[in-house]
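One-letter residues, chain by chain:
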Number of protein chains: 2
Amino acid sequence: MISPDSGGSPGERELVRHIRGRLTAAPAALIVGPGDDAAVIVPERGALQVLTTDAVVEGIHFDRRFSTLADVGYKALAVNVSDLVAMGGTPQFALLSLILPEGTSLADLDALLDGLLEMAAAARVACVGGNISRSPGPLIVDVTVTGSVRPRRLLTRGGGRPGDQLFVTGSIGGAAAGLDWLRQREFQLSAEATEPQESMDGCALRHRRPEPRTRFGMLLGRNKAASACMDLSDGLADAVRQVAEASGTGALVEAASLPTDPAAAAWWRSRGNDPVVAALAGGDDYELLFAVPNKFRGRMRAVAREARGLTFTRIGELTADRSVVVRRDGKDEALPEGFEHFG
Amino acid sequence: MISPDSGGSPGERELVRHIRGRLTAAPAALIVGPGDDAAVIVPERGALQVLTTDAVVEGIHFDRRFSTLADVGYKALAVNVSDLVAMGGTPQFALLSLILPEGTSLADLDALLDGLLEMAAAARVACVGGNISRSPGPLIVDVTVTGSVRPRRLLTRGGGRPGDQLFVTGSIGGAAAGLDWLRQREFQLSAEATEPQESMDGCALRHRRPEPRTRFGMLLGRNKAASACMDLSDGLADAVRQVAEASGTGALVEAASLPTDPAAAAWWRSRGNDPVVAALAGGDDYELLFAVPNKFRGRMRAVAREARGLTFTRIGELTADRSVVVRRDGKDEALPEGFEHFG
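The model shown is predicted, which means the values in this text are computed figures rather than measured ones.

## Points about the domain arrangement of chain A
Residue and element names in this part refer to chain A.
- As far as domains go, chain A holds domain 1 (12-151) and domain 2 (165-334).
- Spacing between the C-alpha centres of domain 1 and domain 2 amounts to 26 Å.
- Facing 17 residues of domain 1, the contacting portion of domain 2 comprises 18 residues.
- Classifying every residue of the side of domain 1 that touches domain 2 by side-chain character gives 9 nonpolar, 4 polar and 4 charged.

Okay, structure coming up:
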């Protein structure tokens, strides 16, 4: 905290004490944890360090009608873990910057921590410090995650070459369809429910609690199978464009091969939208897009053997021609617009 | 960015491109800079890594009537640098998380960056990544700074022992008095100006642009002169209490020896406030409080020789008795309440 934040119940002091009380795990590499001016850790010998930060903002990235505070805490950490994983890195430490509206109760904070610490346990990340400020407006959970990567396992966006095959893990389009479904349901409470509600619960869960592909990213790095990699935070179209641009290539995506979530596709059709465009443009899936040189097909078989059921699908390839297109019924179209990430 | 943030002018894409264009310095230790999923650096061999995060929130930590956007950018980084310095660390890398209200222009962003990059140059910190999100409310600049510290130079809050002398750098109370002056001036625009305006400009500057004691912290660490150290982000009373608590001691502060800023003292007297209480309770000064064992007095002389004019003042000592008091006219009183920092 920067300047004396007065008042509020419970006080900032009490919230801080409460958080510290819940941070029990202290890895051996942690020299100074919460409660000093800064955290101090021992960097891993021979490894590079990976650093990322990402915020979830009430009213922009989440809506309390659709996400519980536990969901918000879970997602705030998950999206950062996903960024580390997309670099081939192993997430290790998190700093939590909480910007809390007046009237945030200890129960609210506990709910937020429940979700955040659930993700931390799953990703083996230790929360080593942070900051609490009051907010005159929205609730914001801003998280920084650091981790390590062996130099030879580092996966950037820029290592792809023309002819490399493009793959994506799992399925796409679920999170965006889930959010759209939650919104429609909210605004049509009194109308009849005509949609296949049950099948959309899975999509809604992908919006509320994205699963970073921690194990798969680690396998890609360890097997040195990919030439480039990034996560789908801002949608597949954006990711393909970013990898192509950073690699100095173009890209061709085959619409027929996209692993679109079936419930999401049905949802968009029922809403009169094009499921292919929706799947390409929709963000928040946190799958991995990666490029594989043809000579590394054997390495990908090794990854597949260890992937514990997480599928991955070939969706196209990087091209020498710098254009970025989706091929559909034999016709090439420009990819839908995506969104850009700062770092 | 986490989910597709649509619209706005200029778009997030353009803001991102603009920021990247201004980040020219790329130190040798930076392997991957802005534009990938995460930044990648080479940790310093044999050093520990120090990590901290701190946010400045519009309406809580700054008011656009009193601080320019350049001031806000400057301060957002300065307060983090101060935390690193208080650990004896050398700040190296920053991640910027910007939460920007609708309608933030490129000129606004430029002003913010002007101040932030001015501080970055002064502290030799490279901005290596970050995140931009829209805000439905206030402007928030949330910064993470990492750096390195040699294990033997690490300064925690908890190393003090009874009998260690307490010192503080520079002067205290200026920032809080400066903010109070700015507020009074704003609310009494039509009334006659009765106060010594000129002398308060320096106090206002301390609120708007705090100077982290980078060189002094480095000297304390290098000379191994201090047993404990922290910065005064939340005021001297808070800092004394934190150092005593972490060190398992009490503390005695002598009111007569406090290096209160003379303009600040005059200001508080003119407002009918007790200048001693105001100087103890007021935050935002970013001086360093540190404890020095008596046997290290020689080392402090070495620090003084190299401090380039930055003074430091003995204000009391750590005690075996666990109480934390201020001695005033021979009478011991409890320290005014302070505010707590998360990590």
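The rest of the description comes next.
## Some words on the nonpolar core
- Val240 and Leu289 of chain A together with Val240 and Leu289 of chain B are the most contacted members of the largest nonpolar core, which totals 224 residues.
- Not counting the four nearest positions on each side in its chain, Leu289 of chain B is found in contact with Leu166, Val168, Cys229, Met230, Leu232, Leu236, Ala239, Val240 and Val243 of chain B.

## Description of the interface of chain B and chain A
- Facing 75 residues of chain B, the contacting portion of chain A comprises 75 residues.
- It is strand 3 (residues 48-57) of chain B that provides the largest number of residues to the side of chain B that touches chain A, a total of 10 residues.
- Split into classes, the residues belonging to the side of chain B that touches chain A amount to 38 nonpolar, 23 polar and 14 charged.
- Both strand 3 (residues 48-57) of chain A and strand 2 (residues 39-41) of chain B contribute to a ladder of 3 bridges, which runs antiparallel. Of the residues in strand 2 of chain B, the one forming a bridge with Gln49 of chain A is Ile41 of chain B.

## Observations concerning the relation of the copies chain B and chain A
- Once chain B has been moved 0.0 Å along the axis and rotated by 180 degrees, it coincides with chain A to within an RMSD of 0.0 Å. In symmetry terms, the pair is related by a two-fold rotation axis. The rotation axis passes nearest to the C-alpha of Gly137 of chain B in chain B, at a distance of 2.7 Å.
- Interface overlap between copies: 100% of the residues of chain B at the interface are likewise at the interface in chain A, consistent with a symmetric, same-surface contact.

## As for the sheet that holds strand 7 (residues 165-169) of chain A
Residues and elements named next belong to chain A.
- Judged by pairing direction, the sheet is mixed, and its 7 strands sit side by side in the order 8-10-7-11-9-12-13 without closing on themselves. Whereas interior strands pair on both sides, the edge strands pair on one side only; in this sheet they are strand 8 (228-231) and strand 13 (331-334). Direction aside, the axes of adjacent strands within the sheet are offset by 30 degrees on average.
- Of the pairings in the sheet, the one linking strand 9 (residues 250-254) to strand 11 (residues 312-319) comprises 4 bridges and is antiparallel in character.

## Side note on the sheet that holds strand 8 (residues 228-231) of chain B
All names here are of chain B.
- If you walk across this open sheet you meet the 7 strands as 8-10-7-11-9-12-13, and the pairing is mixed. Only two strands of the sheet have a single neighbouring strand rather than two, namely strand 8 and strand 13 (331-334). For this sheet, the mean angle separating the axes of adjacent strands, direction not counted, is 30 degrees.
- In this sheet, strand 10 (residues 288-292) lies alongside strand 7 (residues 165-169) in antiparallel orientation, the contact comprising 4 bridges. Paired with Leu166 across the two strands is Ala291, which belongs to strand 10.

## Quick word on unusual backbone geometry
- Although it is not a glycine, Asp329 of chain A adopts a positive phi angle of roughly 50 degrees.
- Unlike most non-glycine residues, Asp284 of chain B shows phi in positive territory, near 80 degrees.
- Structurally, Asp284 of chain B is set in the loop between helix 9 (275-281) and strand 10.
- For Asp284 of chain B, a count of 24 C-beta atoms within 10 Å gives the class buried.

Conventions used here
- Residues numbered from 1 in each chain as written.
- Chains lettered and ligands numbered in written order.
- Predicted model: local features only at pLDDT ≥ 70, side-chain atom pairs only at ≥ 80, totals over all residues.
- Domains from an automatic or database assignment.
- Contact = placed C-beta atoms within 7 Å.
- Nonpolar A, V, L, I, M, F, W, Y, C, P; charged D, E, K, R; others polar.
- Core = buried A, V, L, I, M, F, W, Y, C linked by C-beta atoms within 7 Å.
- Buried ≥ 20, exposed ≤ 12 C-beta atoms within 10 Å, placed from the backbone.
- Helix = DSSP H or I, 4+ residues; strand = E, 2+ residues; numbered from the N terminus.
- Pairing = 2+ DSSP bridges.
- Least-squares fit on C-alpha atoms with pLDDT ≥ 70 in both.
- Axes fitted to C-alpha atoms, helices over the stretch in contact; angles between N-to-C directions.

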